[in-house]
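# Overview (structure and organization)
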Amino acid sequence: MLVAAAVCPPTPLITLRLDDLRSACHAAIAALRDVRPDALIVVGGADSAAAYGGQAAGTLRPWGMDVTTGRADPVLPLSLTVGRWLLGDRAPDGFQSVALDASSEECLLLGEKLGKIAQKVALLVMADGSACLSPRAPGKYDEDAGPYNRLIANAVAQADPAALAALDPAHADRLWVGGRAALQVLAGAAGAQAYEGRLLVETAPYGVGYFAGLWT
């Protein structure tokens, strides 16, 4: 069953700046380690769903950064590469990508499956919010983006899997919510269990909603 989860943003910028956000992510990851899970899995969105072993590697060179994680040939997509970088020297037990356009049902089923792979499962969920939060954001500014981003932040803060499960993929896609699928995997893994949630950081320095949160 899922015993703990951390939510961190999959932005490569966290390797260069965003110090407060990076520190919050490291604190959340340390809390995951503290529960001594039988399996720590990194989950993130990608073009397609795939499972990777814990020794898989990734690189940020396609994004103009000379950053490589792991020692094997880089195969991880961006979200999982950033997650691997945040973990530092200690590799996870595995990685799982989820298709960015996966249906809610597919995400929930994948999360349920991950939650059953060990007696004590911890997830590092690489997910961000809307990229339409300001006129200078990557997506076109949308006045609906703020409330939608706040809904996600509240769900993370309150450890509310039902709220994450109810996210509408079409609405999320319109608001450039890149983390929707990964967050719904988290909801599937959590199921009906009760958790204590903490939102460590919420910020949007480039018009993109970034969160660092922890469920235990």
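Scoring rules and cut-offs
- Residues numbered from 1 in each chain as written.
- Predicted model: local features only at pLDDT ≥ 70, side-chain atom pairs only at ≥ 80, totals over all residues.
- Heavy atoms only, no water.
- Helix = DSSP H or I, 4+ residues; strand = E, 2+ residues; numbered from the N terminus.
- Buried < 20%, exposed > 50% of the residue type's maximum accessible area, 1.4 Å probe, protein only.
- Polar contact = N/O pair within 3.5 Å; in protein donor to acceptor, adjacent residues only side chain to side chain.
- Contact = heavy atoms within 4.5 Å.
- Salt bridge = Lys/Arg side-chain N within 4 Å of Asp/Glu carboxyl O.

As a further point, take the side chain of Thr11. Inspection of the secondary structure puts Thr11 in the loop between β1 (2–8) and α1 (19–34). Take Thr11: its relative accessible area is 7%, and that puts it in the buried class. Looking at Thr11, its side chain comes within polar contact range of the main-chain nitrogen of Leu13, at 3.1 Å. The contact partners of Thr11, leaving out residues within four places of it in the chain, are Leu18, Val82 and Tyr210.

This part takes up the pattern of salt bridges. Enumeration according to the criterion identifies 6 salt bridges in this entry. The partner of Lys116 in a salt bridge is Glu112, and the shortest N-O contact between them spans 3.3 Å. Here the residues in one salt-bridge network are Asp142, Asp144 and Arg174, joined through shared partners.

A word on the environment of Trp176. By secondary structure assignment, the location of Trp176 is in the loop between α6 (169–174) and α7 (180–190). Put simply, Trp176 and Met1 are 175 residues apart on the chain and 31 Å apart in space, counted from C-alpha to C-alpha. Those residues in contact with Trp176 that lie beyond four places of it in its chain are Gly129, Ser130, Ala131, Cys132, Pro138 and Gly139.

Functional significance is not addressed by these values, which are geometric in nature.
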